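Structure at a glance
Here's the letter readout for the chains.
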Amino acid sequence: MRMLAFLLAWLALAPPVGAEETEAPLKQTRFLGGQFLIAGPGMRDPRFRETVIYMVSHDRQGALGLVVNQVLGKGPLKDLLADAGIAAPEDMEGEIDLHIGGPVETRRVFILHKGDWRGPATESLAGGMSMTTTPDILEALAKREGPKEFVVIAGYSGWGPGQLEKEMARGDWITAPSDIGLVFDRDQAGKWQRASKRGGLAL
């Protein structure tokens with residue numbers, strides 16, 4: 001199944017970071033930006049149960065994060081590039097996981113990656129991460145010039161002003177310093193437990 005075919009919509013329709021369509025701020029900010037937001041054991045929303053979220057931004061206007069431990073499907077990197085209309089070398093190998101980053105704008109794609117590659121629209125985030133939301137990163141991958149490690153994420157998790165703070169006050173979430181190795185680890189089993197221990201939760 002070519003589960004990555006829907007990414008074509010991203011190429012044609014998705015705005016660059018910071019466009020008016022975005023419902024939450026994407027610029028690096030203070031508060032929880034660059035940290036993990038981890039669902040507590042008492043999380044009541046089934047969409048976020050045992051999730052680990054890398055916080056892209058958080059300020060007085062709201063927050064935006066990307067779930068990094070919920071995989072929607074898997075597929076060869078070569079197929080991802082082909083679905084995007086990008087020619088890949090015949091001998092290109094590698095498989096990617098397509099993550100679901102949250103319930104907001106699920107046809108919008110974010111790619112978290114290390115800072116070993118940077119495009120014109122790449123955002124440098126707190127915690128040593130970078131994020132690209134434009135197709136030039138796929139072209140770089142086809143040329144074997146892209147980032148060595150990356151995560152493809154569809155959709156995001158967003159909160160309005162004060163909303164996340166209220167959820168944290170009632171115990172829905174705990175926080176922890178982010179761990180780049182955990183973000184890029186393709187072994188999803190145990191990610192929540194590992195992140196929770198970083199946040200001081202005794203399991």
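Here, the structure is the one placed above.
What this report covers is the structure whose coordinates are included nearby. Computed from a prediction, not measured in an experiment: that's the story for all the values here. (Residues numbered from 1 in each chain as written. Predicted model: local features only at pLDDT ≥ 70, side-chain atom pairs only at ≥ 80, totals over all residues. Heavy atoms only, no water.)

1. Description of the overall build of the protein chain
Within the protein chain, the regular secondary structure consists of six helices and 10 strands. Residues counted as buried form 51% of the 203 residues belonging to the protein chain. Sequence separation of 24 or more characterises 70% of the internal contacts of the protein chain that already satisfy a separation of 6 or more. With an accessible surface of roughly 9500 Å², the protein chain has 51% of that area assigned to carbon and sulfur atoms. (Helix = DSSP H or I, 4+ residues; strand = E, 2+ residues; numbered from the N terminus. Buried < 20%, exposed > 50% of the residue type's maximum accessible area, 1.4 Å probe, protein only. Contact = heavy atoms within 4.5 Å. Areas by Shrake-Rupley, 256 points an atom, 1.4 Å probe, with all protein chains shown as cover.)

2. Re unusual backbone geometry
Residue Glu 105 is not a glycine yet carries a positive backbone phi of 45 degrees. Mapped onto the elements, Glu 105 comes out in strand E6 (residues 104-113). Taking relative accessible area as the criterion, Glu 105 reaches 19% and is therefore assigned buried.

3. Structural notes on the packing of aromatic side chains
Within this structure, the stated rule accounts for three aromatic pairs. Ring centres of Phe 110 and Tyr 156 lie 5.7 Å apart, and the angle between their planes is 85 degrees; on these two criteria the pair is classed as edge-to-face. Of this pair, Phe 110 sits in strand E6 while Tyr 156 is found in strand E9 (residues 150-159), placing the two residues 46 residues apart along the sequence. The two residues Phe 110 and Tyr 156 agree in class, both being buried. (Phe/Tyr/Trp six-rings, centres within 6.5 Å; stacked < 30°, edge-to-face > 60°.)

4. Describing the nonpolar core
The biggest cluster of nonpolar side chains holds 35 residues, and the ones touching the most others in it are Phe 36, Leu 112 and Trp 173. Secondary-structure elements contributing two or more residues to this core are strand E1 (35-39), strand E2 (52-59), strand E3 (62-67), E6, E9, strand E10 (173-177), helix H5 (180-184) and helix H6 (191-198). By residue number, the principal contributor to this core is E2, which donates five residues. Those residues in contact with Phe 36 that sit more than four places away from it in its chain are Val 52, Ile 53, Tyr 54, Ile 174, Thr 175, Ala 176, Pro 177, Ser 178, Asp 179, Leu 182, Val 183 and Ala 195. Core analysis: the next-biggest nonpolar cluster, separate from the first, contains 20 residues, Leu 98, Leu 138, Val 152 and Ala 154 among them. (Core = buried A, V, L, I, M, F, W, Y, C linked by side-chain atoms within 4.5 Å.)

5. Some thoughts on the pairing of E2
By the criterion of burial, E2 is predominantly enclosed, with eight of the eight residues buried. Sheet topology places E2 next to E3; six bridges connect them, and they run antiparallel. The residue of E3 that forms the bridge with Ser 57 is Leu 64. (Pairing = 2+ DSSP bridges.)

6. Concerning the layout of surface pockets
In this approach the atoms are scanned with a rolling probe the size of a water molecule, which exposes any empty space left behind. Computed from the structure, the largest pocket encloses a volume of approximately 250 Å³. Taken together, 18 residues form the lining of the largest pocket, with Glu 95, Ile 96, Asp 97, Phe 150 and Arg 186 sitting closest to its centre. Only strand E5 (95-100), E9 and H5 provide two or more residues apiece to the lining of the largest pocket. No other element matches the four residues that E5 contributes to the lining of the largest pocket. Class assignment for the residues of the lining of the largest pocket results in seven nonpolar, three polar and eight charged. (1 Å grid on protein atoms, 1.4 Å probe; cavity = no way out; pocket = protein on both sides within 12 Å on 5 of 7 lines; lining within 4 Å. Points joined across faces, edges and corners; volume = space filled by probe spheres on them. Nonpolar A, V, L, I, M, F, W, Y, C, P; charged D, E, K, R; others polar.)

7. As for the pairing of E5
Remember that side chains alternate between the two faces of the sheet whenever the strand is regular. Judged from the five bridges that link them, strand E4 (residues 71-76) and E5 form a sheet pairing that is antiparallel. Bridge pairing in E5 places Pro 76 opposite Glu 95. Relative to E9, E5 is paired through three bridges, and the arrangement is parallel. Following the sheet pairing, His 99 is matched in E9 by Ile 153.

8. Details of the environment of Thr 175
Residue position: Thr 175 is located in strand E10. For Thr 175, a relative accessible area of 27% puts it in the partly exposed group. Separated by 122 residues in sequence, Thr 175 and Ile 53 place their C-alpha atoms 9.5 Å apart.

9. Here we look at the pattern of salt bridges
Per the counting criterion, the structure on display carries 10 salt bridges. The salt bridge involving Asp 97 is made with Lys 74; its shortest N-O contact spans 2.9 Å. On the criterion of sequence distance, the pair formed by Asp 97 in strand E5 and Lys 74 in strand E4 is long-range, its members being 23 residues apart. Among the salt bridges present, the one from Arg 186 reaches Asp 97, with a minimum N-O distance of 2.7 Å. Pair noted here: Arg 186 is in the loop between H5 and H6 and Asp 97 is in strand E5, with a separation of 89 residues, a long-range link. Salt bridges sharing common partners tie together Lys 74, Glu 95, Asp 97 and Arg 186. (Salt bridge = Lys/Arg side-chain N within 4 Å of Asp/Glu carboxyl O.)

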